[in-house]
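Examining the three-dimensional arrangement
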Amino acid sequence: MSQQFRGADIVVRSLQRLGCDRVFTLSGNHIMSLFDAALDAGLDLIHVRHEAAAVHMADAHGRLTGQPGVAMVTGGPGHANAVGALFTALSAESPMVLLSGHAATWELGRGGFQEIRQAEMAAPVCKASWMVQATAELGRDLGEAMRIAASGRPGPVHLSLPSDVLEQRLAEDAIVWPQRTISHGPPMPDADADAILAAVAKAKRPIVLAGPQLSSLGGRALLAQLEAVIGAPAVVMESPRGIADATLGAFPDLIGRADLIVLLGKALDFTTKWLSGRAFDPELRVIAVDPDPVLLQRAKAEKGERLLVACQADPGSATGMLIARAVERGDDAWLKQARGALDSRPAEWADIVSSKPGRLHPAEVFRALRPFVERDPNSVLICDGGEFAQWAQSMLPLRRRLINGVAGAIGPSLSFALSARLLEPQAPIFAVLGDGTIGLHIAEFETAVRRRLPFVAILGNDARWNAESQIQLREYGANRMHGCELLPARYDQVVEAFGGHGEHVERAADLPGAIERALNSGKPACINVMIDSIAAPVIRA
Ligand SMILES: Cc1ncc(C[n+]2csc(CCOP(=O)(O)OP(=O)(O)O)c2C)c(N)n1
Ligand SMILES: [Mg+2]
């Protein structure tokens, strides 16, 4: 007689066959069979303190490796907690799979325990979302979920797993084990590549805008190569601040001068201001390369005859194709000008200091942090939150970096740091975040201590939700600011109470020593830096 497998064992072994040896999870009634199966199979459960944190960790895994990260949560409220975080993964074009336990199929429609229409709830924030119908389909459906997550424009996929489907047993010969596959879109036709390259060569001031999926180390390296051969700046747009992302220096001034913009997997959305309005050249021409026909259609609808080429292709392989077929642009004057604007930072940042005693200016913080980030080429920088983090994005080197992404949802950084540490055994990992933001997932320091995952959080503590305070100041006036102030709390002591390392800094001179001690502690650390409430930087050419 062939061996019998529980549904839960099929899930765990399918995950392993698909290359996943670790899941991010939080326990619950509906998934205890999966925990049980993980024990025999040796699947590592990284169990966390909020379901959204599990999703953020799977998201970071996806962004850093290009392979889907997997989060596993319980049904009903566990699933509901997880769904919000999928929005971040979707907007960051990050491959990941959310597996949620689910009320048994025989309970459905009868008011089962924690019964809710989970697949429908997750659908708007996923590439695909469904409930597995039968134990025999588990392996195939998991393979399909992983394939969809990593193919085309990457993103999250959700599967709900009813508890009876997980508990039912099946003979081994009745199981369909999954295959590891990715469907690459059609390659870019030679004619399209040549048409794009000819248009770029003809343009006086072309700019390439890449989407978040090219924000990885590999993606950035590819874009740097493209930039060099075609003589046009190639810029990743991955921030909800869009053109005004502080990473991009004086980009708002630069983009207004462009006569051709190539969208390389970059959605024509609010971050690009749809490339129209007073800030843009009225004669601006556009080219769109995208794996998603819906986005090509959108570009056509927005740009009409100003859209010169619309080509369905994977942005990574399309970039490779363009590099291979490009003829070097003789004149690099435009690229030099453009790089000047992108890399320009105000000279006064070199010595700007806070005027408030006991509070640092964000520029003082990042001048001190910069050598520590640069010390190791593999260091990982994570930026999260409001105004403080914008200074980090502007002043720190752009290598292995994760930011909240186009969704603009604050809070994922601590989870990102843990996930990064699981992949990066050695190099320093810095999470830069605000005091408002740390409150969303501060309990993940307990996870980090328990799992011995050291990293250093650089917390800018201005005792307020400053990004929103700045909106009140700008829009409603200094006498109408309320509802955004916080206590100057000692988050470093909270982290010490979890078993981590804490530092409290009120003077710039003390910061380098604090960072060095935090790194040397070998523990998850929080440096509570008291800062002045300063608006995000605005850089003009
Ligand atoms: C999930 C989520 N909730 C609320 C917001 C709105 N929001 C954006 S930035 C911000 C303030 C962040 O405060 P803090 O982390 O202290 O950073 P600061 O701006 O003070 O430097 C808020 C509330 C958001 N973007 N995402
Ligand atoms: Mg703050």
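I will try to describe carefully the structure that is included in this document. (Residues numbered from 1 in each chain as written. Chains lettered and ligands numbered in written order. Predicted model: local features only at pLDDT ≥ 70, side-chain atom pairs only at ≥ 80, totals over all residues. Heavy atoms only, no water.)

A count of helices and strands for the protein gives 21 helices and 19 strands. A globule of 541 residues ought to have a C-alpha radius of gyration of about 24 Å, and the protein, at 24 Å, matches this closely. Projected onto its principal axes, the C-alpha positions of the protein cover 75 × 60 × 45 Å. Buried residues in the protein amount to 57% of all 541 residues. Expressed as a percentage of contacts within the protein between residues at least 6 apart in sequence, the contacts between residues at least 24 apart total 77%. When the accessible surface of the protein is totalled, it reaches about 21,600 Å², and 52% of it is carbon and sulfur. Counting 53 positive and 60 negative side-chain charges, the protein places the averaged centre of each group 3 Å from the other. (Helix = DSSP H or I, 4+ residues; strand = E, 2+ residues; numbered from the N terminus. Rg over C-alpha atoms; globule rule 2.2 N^0.38 Å. Buried < 20%, exposed > 50% of the residue type's maximum accessible area, 1.4 Å probe, protein only. Contact = heavy atoms within 4.5 Å. Areas by Shrake-Rupley, 256 points an atom, 1.4 Å probe, with all protein chains shown as cover. Lys, Arg positive; Asp, Glu negative; His and termini not counted. Charge placed at Lys NZ, Arg CZ, Asp CG, Glu CD.)

Time to look at the sheet that holds strand 14 (residues 380–383). What the six strands build is an open sheet, ordered 15-14-16-17-19-18; its pairing is parallel. What marks the edges here is a single partner per strand, and that holds for strand 15 (400–403) and strand 18 (501–505). If you compare each strand with its neighbour and ignore which way they point, the axes differ by 15° on average. Sheet topology note: the strand 18/strand 19 (residues 525–530) ladder contains five bridges and is parallel. Across the sheet, the residue bridging to H501 is A525, located in strand 19. In the packing of helix 14 (residues 362–374) onto the sheet, contacts are made with strand 16 (429–434), strand 17 (456–461) and strand 19, and the angle to strand 16 comes to roughly 160°. The strands that helix 16 (residues 413–423) touches are strand 14, strand 15, strand 16 and strand 17; relative to strand 16, the one it contacts most, it runs at about 175°. (Pairing = 2+ DSSP bridges. Axes fitted to C-alpha atoms, helices over the stretch in contact; angles between N-to-C directions.)

Taken by themselves, the reported measurements are silent on function.
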